[in-house]
Amino acid sequence: MTQDELKNEVAKTALKYITPETIIGVGTGSTANFFIDHLATIKDSIKGAVASSIDTANRLKKNGIRVVNLNDVDEISVYIDGADESDHNLNLIKGGGGALTREKIVAAVSNQFVCIADESKLVESLGKFPLPIEVIPMSANYVKRQIIESIGGSPILREDFITDNGNLILDIHKLEIIDPQNLENYLNNIVGVVTNGLFANRGADILLIGSPNGVNILSRNKN
């Protein structure tokens, strides 16, 4: 099976986690796009969806799915989104598409976070995929210096890219992430950082992994 076929199968499986007559959250990226296309087949069973990016909102609307502003809802039953990497404890790196801040907000509000990915995204330890950090534009060079001096790695400004929030992205290459939760907190405390792409303090509750042998289900250890 091709990678797109695996993404398509795992996106279809995610429909099982939709609770009828509720508001759901929808992520951003290629796997999330497959999910949106499948969601269109049951769109009348939900009240609407909160989008994690402008691109996602546009795709939802194109498929006839009602888009709801997060400030207008009290609860999101489930958030469905992909990942750039996941370890076996369901700590994630997200933000390859640049929507990490809104994705993290929607995930925080949601009762359940179901991550969908093909098997190439499951790794023993995070860091091979560059870790995105959203920064206020005027702080970019300062944040780069702080990262190099404190944790190492190679932070590189993502060229010709502005987030939906009007900010910049630094991608940290050459990281070996041993303690995702502490690193997430540390990076978020650097002045000028909006947030970073580690989803560890609020990782996925369920990880659906598409493989040639079917969809495997992993659950987060909350102990």
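Criteria and cut-off values
Numbers given to residues run from 1 along each chain, matching the order in which its sequence is written. Local features in this predicted model are restricted to residues whose pLDDT is 70 or higher, and side-chain atom pairs enter the listing and the counts only when it is 80 or higher, whereas totals over whole chains, interfaces and linings include all residues. Excluding hydrogens and water, the side-chain values take into account all heavy atoms of the structure. To pair, rings of Phe, Tyr and Trp, with the six-membered ring standing in for Trp, must have centres within 6.5 Å; the planes then decide the type, stacked if under 30 degrees apart, edge-to-face if over 60, and tilted in the middle. We count a stretch as a helix when DSSP gives it H or I for four or more residues in a row; a strand needs E for two or more, and each element gets its number in order from the N terminus. Buried means the residue's accessible area, taken with a 1.4 Å probe over protein chains only, is under 20% of the maximum for its type, while exposed means over 50%, and partly exposed covers the values in between. Sitting over a ring, as applied to charges here, requires NZ of Lys or CZ of Arg to be within 6 Å of the ring centre and within 35 degrees of the ring normal. Think of a salt bridge as a Lys or Arg side-chain nitrogen and an Asp or Glu carboxyl oxygen that are within 4 Å of each other.

*Asks:* How would you sum up the packing of aromatic side chains? Please name residues and give values.
*Replies:* Enumeration according to the criterion identifies two aromatic pairs in this entry. Here the aromatic rings of Tyr79 and Phe113 are separated by 5.1 Å at their centres, their planes lie at 40 degrees, and the arrangement is tilted. Residue Tyr79 is located in strand S3 (residues 79-81), and its partner Phe113 is located in strand S6 (residues 113-118); the two are separated by 34 residues in the primary sequence. Under the relative-accessibility criterion, Phe113 is labelled buried at 0%. Members of the aromatic cluster, each reached through a chain of ring pairs, are Tyr79, Phe113 and Phe199. For the cation-ring pair, Lys104 lies above Phe199, with the distance from its terminal atom to the ring centre recorded as 5.1 Å. The positively charged end of Arg158 is found above the aromatic ring belonging to Phe161, 5.2 Å away from the centroid.

*Asks:* An account of the pattern of salt bridges is needed here, citing residue identities and associated values.
*Replies:* Scanning the model with the defined rule gives seven salt bridges in all. Salt-bridge contacts for Lys94 lead to Asp81; the nearest nitrogen and oxygen are separated by 2.6 Å. One end of the pair, Lys94, is in the loop between strand S5 (92-93) and helix H4 (100-109); the other, Asp81, is in strand S3, with 13 residues separating them in the sequence. Judged by its relative accessible area of 2%, Lys94 falls in the buried class. A salt bridge links Glu184 to Lys104, with the nearest nitrogen and oxygen atoms 3.0 Å apart. Of this pair, Glu184 sits in helix H6 (residues 180-188) while Lys104 sits in helix H4, placing them 80 residues apart in sequence. Taking relative accessible area as the criterion, Lys104 reaches 16% and is therefore assigned buried.

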